[in-house]
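Geometric and topological summary
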Amino acid sequence: MIKTNKKIPKNIILSLENVSISYGTFEAVRNVFCNFKKGNITSLIGPSGCGKSTVLRSLNRMNDLIPNCSLKGTVLFDGTNIYDKRVDPVEVRRRIGMVFQQPNPFPKSIYENIAFGARINGFTGDMDVLVESSLRKAALWDECKDKLNDSGYSLSGGQQQRLCIARTIAIEPEIILMDEPCSALDPISTLKIEETMHELKKNYTIIIVTHNMQQALRVSDMTAFFNAIEYEDGDGGKVGYLAEFNSTKKIFNSPKEKTTQEYISGKFG
Amino acid sequence: MNSLYYQKRLSRNIGDKFFTSLSVICALIAILPLIFLVTYILIKGGSQITPELFTLEPNPPGDDLDAGGINPALIGTLIITTIASIIAIPVGVGGGIYLAEYSKGGAFSRFIRFGVNVLAGVPSIIAGVFIYALIVSTKILFGSMYSGLAGGMALSILMLPTVIKTTDEGLKLVPNELRYASLGVGASMYTTILKVTLPSAFRSIATGVVLGIARAAGETAPLIFTALFSYYYITGFGDLFYEMGSLAVLIYNFALEPYDAQNKLAWAASFILVLSILSVNIFSRILAAFTEKTKRV
Amino acid sequence: MEEKLTLFKNRKRFGIEKNIDIIFKNTALVLSSFVAIILLGIILVVFFQSFESFSRYGLKFLVTSEWNPVKDEYGAFTAIYGTLVTSFLSLLITIPLGVGTAIFITEDFVPKVFREIIGSFVELLAAIPSVVLGLWAIFVMEPFFRAFFVFLHNFFGWIPLFSTEPTGRNSLLAILILVVMLLPIVTSIARDSLNQVPKKLRNAAYGIGASRWKTIFSVILPAALSGIMAGVLLALGRAMGETMAVTMIIGNSNAFSWSLLSPGYTISSMLANQFGEADGSQVSSLFYAAFVLMILSLVVNIFAQWLVKKFSLKY
């Protein structure tokens, strides 16, 4: 049975059950349980090395591309464990899109950047319409409608990142994963991308890793705080874990854990 | 108190001067032969160039003054190198793709990379010996012995490591973000490779491959007992299965002839060979330098 | 199995696309293993072809220098000796020249533009086909050095290496043309290794008052040594296998002589000369010689690779 059970509430789109991820013998994150709600923006925050990016990448099997990376536990999406042997990772990535830390447009025209993904996903409709609507949703249309045939690299960093978001939207995924999408950008571009995210929330579920707590506070409904502790065997290595998961409001105003309190008040991280 | 002024006679300053001059001399000795060689070939070989050279067959060595032309050798070199490329490029690019895109640094890929380096170090004459044993002496190619086809195969063995290496290294230079971008929108691995990574690495791979072809075009040792030599025009497809001349073997054969006319032909062939190889090299260097400058940050 | 997977509900990757993906990967896998197949093929074919000669002469083949197709007696000592002597002696000349040039290119004696021009000039030398170098050696180098060889013989004739009257082509010319061929290899690898030495090492030495050459000899060269060594070994492998230029200038004589001023032989020049016309057990003996050459160059190359791997992680 690839399709499991059971009592996952309908509004939960993605669910981690006892997930541990290792690189070779090094364990990066341990025993994560977490449910992501449909239509929400969820932030993953935490100090460097706590494994939040690792968790994010595991959600659409981008971790497959890293040699030696292995995952234990289940990641349920649409009632299916996406780590089941029979699941095609390419299929997963078509339904769970990803925006990366560094803007990474293809070395093609702006138009082609968006058409590429749609085409390989078997899009048969009017490509011009799709390109325009995707660019509009990513709030990039007005800036680039006159130069759709220019290279994606002719855009500024912030525009490139929005192009990458548009590219992801174009394949109409159910979930969009964003790995620190603004860390390479200036404040104005960051703000624009945050506005874009608010727009996208209407149609998509978004999970975002961010280093910027203000950003988490501004954009997200839910926040997951990851932390890292030293191994019990005390050889100095650290393993990440999910310390607290709650609505953003609660995490920032009345965290239950002491470490969460310390982290959001800037005592470490 | 020691003076802070530079003292010529100080042993370390004399030593420094001495070694500096020594390294200058080394550099001079290193580049002088090249300058001599290239100028000599250009003058000596260039002065033999006539229109007939490109159209005539070479005359068999004898004491007549007219040696004829190098047309069969010129065409032969083109054909043999093309055969070698047809074999080595698909195999090499495919192998390079596997190493760079699919392998995860396991034992197999380490073994193959090791093998590529070892194969690159195999003496070129051994490639000829191998093809001789495998193809020429067995007459496996429709009963033909020495043939242009066998020569091309021998050359392809020499090209293969170069092609694999440049593909492997060219693909590894493509930033992973680009792969993630493509896979992240749900592209299959082969679409990603064919549509995104390979086009991005195209220029560096092409440069390496062209340099490999240029090197192969000048190789002689693998041809002297696989393709052998021929004095006659190449007239049709069937000639692939017979002895075939090449510029390199022509130079070898005619350099050792006691007749001045044949020697001159060897110089003319050298001129053409060196000029084309050097221009390919210089052109690719300029292209590489240009690419480096315009590369995105 | 009639199981409906929700994940595959829409935009399904069609079976055909999935199959192409798998076929593509496996094709690449097969193509990459061609390298191993060819390499093993070469070793096996050359070994089996030499088997007849090997079983007849055994290791005696390596130490006798009779090579007589008429009497059917074969021994490759002259050729093996020639291969080793020409390659080692040419390397002996090339190493200081090449490393010296590499130092000149990596230090700032002259503006960068000139150094880059010299650097690419030397590398261009590597692109010149060896048969052209052979031609040049016959018609330019040999006459150029003739007087010098006579001088060598007249004044140093008491040394066995120069004990014969120079008569045209000889081993020393082969050594010199090999130097021209090896120089680019040693120079460019030495240059790369020197460039890889971290700047902080140089600064450290300058900081405690070392002079330029003190720094080069006691800090930079030792740090670059493993890379240079690997380059030298690659050049050695190349020298042993080099065929055309050597064949054209060495004189091709199987008569053994200690003197570099007499014609000599190498394994590869023997192959080039005799393979086309050989028959009978001569062919097997030539394969045996080829096998020896292959083992020699394999050993040198593998050792070079091992050296690169072992020391490349240091910095």
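Since this is a predicted model, take the numbers as computed values, not measurements. (Residues numbered from 1 in each chain as written. Chains lettered and ligands numbered in written order. Predicted model: local features only at pLDDT ≥ 70, side-chain atom pairs only at ≥ 80, totals over all residues. Heavy atoms only, no water.)

**A few points about the interface of chain B and chain C**
Residue-level contacts link 76 residues of chain B with 73 residues of chain C. Each partner contributes to the roughly 6700 Å² buried at the junction of chain B and chain C, and carbon and sulfur atoms together form 80% of this total. Applying the counting rule to chain B against chain C returns 1 salt bridge. Taken together, the links from chain B to chain C amount to 12 residue pairs in polar contact (both at pLDDT 80 or more). Elements with a contribution of two residues or more to the side of chain B that touches chain C: helix 1 (11-46), helix 3 (71-102), helix 4 (107-121), helix 5 (124-136), helix 6 (148-173), helix 8 (189-217), helix 9 (247-255) and helix 10 (260-294) of chain B. Along the lines of polarity and charge, the residues of the side of chain B that touches chain C split into 59 nonpolar, 14 polar and 3 charged. (Contact = heavy atoms within 4.5 Å. Buried area = accessible area lost by both parts, 1.4 Å probe. Salt bridge = Lys/Arg side-chain N within 4 Å of Asp/Glu carboxyl O. Polar contact = N/O pair within 3.5 Å; in protein donor to acceptor, adjacent residues only side chain to side chain. Helix = DSSP H or I, 4+ residues; strand = E, 2+ residues; numbered from the N terminus. Nonpolar A, V, L, I, M, F, W, Y, C, P; charged D, E, K, R; others polar.)

**Describing the side chain of Ser-103 of chain B**
Mapped onto the fold, Ser-103 of chain B is located in the loop between helix 3 and helix 4. Apart from residues lying up to four places away in sequence, Ser-103 of chain B is in contact with Tyr-98, Ser-109 and Arg-113 of chain B.

**Notes on the UniProt feature "transmembrane region" (unreviewed entry) in chain C**
Residue and element names in this part refer to chain C. UniProt's entry tags residues 28-51, 79-105, 117-138, 144-164, 171-190, 216-236, 243-265 and 285-308 with the feature "transmembrane region" (unreviewed entry), counted in the numbering of this structure. Regarding residues 79-105, the helix share stands at 100% and the strand share at 0%, and the terminal C-alpha atoms are separated by 37 Å. Within residues 117-138, the helical portion is 82% and the strand portion 0%, while the C-alpha atoms at the span's ends are 29 Å from each other. (UniProt positions renumbered as here; feature names shortened; annotations may be inferred.)

**Considering the confidence of the model for chain B**
The predicted model of chain B has a mean per-residue pLDDT of 88, with 96% of residues at 70 or higher. Mean pLDDT across the secondary structure elements of chain B bottoms out at helix 10 of chain B, with 86, and peaks at helix 3 of chain B, with 95. (pLDDT = per-residue confidence, 0-100.)

**What to know about the layout of surface pockets**
Within this model, the second largest pocket holds a volume of roughly 950 Å³. In this structure, the second largest pocket is lined by 32 residues; those nearest its centre are Leu-65 of chain A together with Glu-101, Tyr-102, Lys-104 and Met-189 of chain B. Counting residues per element, the ones that place at least two in the lining of the second largest pocket are helix 2 (89-95) of chain A, helix 3, helix 6 and helix 7 (176-184) of chain B together with helix 1 (15-49) of chain C. A total of 5 residues in the lining of the second largest pocket trace back to one element, the largest contributor, which is helix 1 of chain C. Residues of the lining of the second largest pocket, tallied by class, amount to 15 nonpolar, 4 polar and 13 charged. (1 Å grid on protein atoms, 1.4 Å probe; cavity = no way out; pocket = protein on both sides within 12 Å on 5 of 7 lines; lining within 4 Å. Points joined across faces, edges and corners; volume = space filled by probe spheres on them.)

**Observations concerning the pairing of strand 6 (residues 96-99) of chain A**
Residue and element names in this part refer to chain A. Residues Ile-96 and Met-98 point to one face of strand 6 and Gly-97 and Val-99 to the other, with burial holding for every one of them. Pairing of strand 6 with strand 7 (residues 175-179), which is carried by 4 bridges, proceeds in the parallel orientation. From the neighbouring strand, Ile-96 faces strand 7, where its bridge partner is Ile-175. (Buried < 20%, exposed > 50% of the residue type's maximum accessible area, 1.4 Å probe, protein only. Pairing = 2+ DSSP bridges.)

**Concerning the UniProt feature "domain: ABC transmembrane type-1" (unreviewed entry) in chain B**
Under the UniProt annotation, "domain: ABC transmembrane type-1" (unreviewed entry) lies at residues 74-284 of chain B. End-to-end, the C-alpha atoms of residues 74-284 of chain B are 23 Å apart, and along that stretch the chain is 73% helix and 0% strand.

**Here we look at the nonpolar core**
In terms of nonpolar packing, the biggest core is built from 229 residues, with Leu-14 of chain A together with Ile-128 of chain C touching the most fellow members. For Ile-128 of chain C, the contacting residues outside a window of four places in its chain are Leu-34, Leu-37, Val-38, Val-274 and Leu-278 of chain B together with Leu-133 of chain C. Membership of the second largest hydrophobic core comes to 33 residues, among which are Leu-155, Leu-185, Met-197 and Val-219 of chain A. (Core = buried A, V, L, I, M, F, W, Y, C linked by side-chain atoms within 4.5 Å.)

**Brief notes about unusual backbone geometry**
A positive phi angle is found at Arg-61 of chain A, which is not glycine, with a value near 60°. Looking at the element boundaries, Arg-61 of chain A is found in the loop between helix 1 (52-58) and strand 4 (69-77). One non-glycine residue with positive phi stands out, namely Asn-252 of chain C, at about 50°. Structurally, the position occupied by Asn-252 of chain C is in the loop between helix 9 (244-249) and helix 10 (267-274). For Asn-252 of chain C, a relative accessible area of 26% corresponds to the partly exposed category.

**Section: the packing of helix 4 (residues 127-137) of chain A against helix 6 (residues 157-170) of chain A**
All names here are of chain A. Contact geometry for helix 4 and helix 6: axes closest at 8 Å, N-to-C directions at 125°. With respect to helix 6, the element helix 4 is oriented oblique. Between helix 4 and helix 6 the crossing geometry is right-handed. Residues Leu-130, Ser-134, Leu-135 and Lys-137 of helix 4 pack against Leu-163, Ala-166, Ile-169 and Ala-170 of helix 6. Residue composition of the contact of helix 4 with helix 6, grouped by class: 6 nonpolar, 1 polar and 1 charged. (Axes fitted to C-alpha atoms, helices over the stretch in contact; angles between N-to-C directions. Parallel < 35°, antiparallel > 145°, perpendicular 65-115°, else oblique. Left-handed = near helix turned anticlockwise from the far one by under 90°.)

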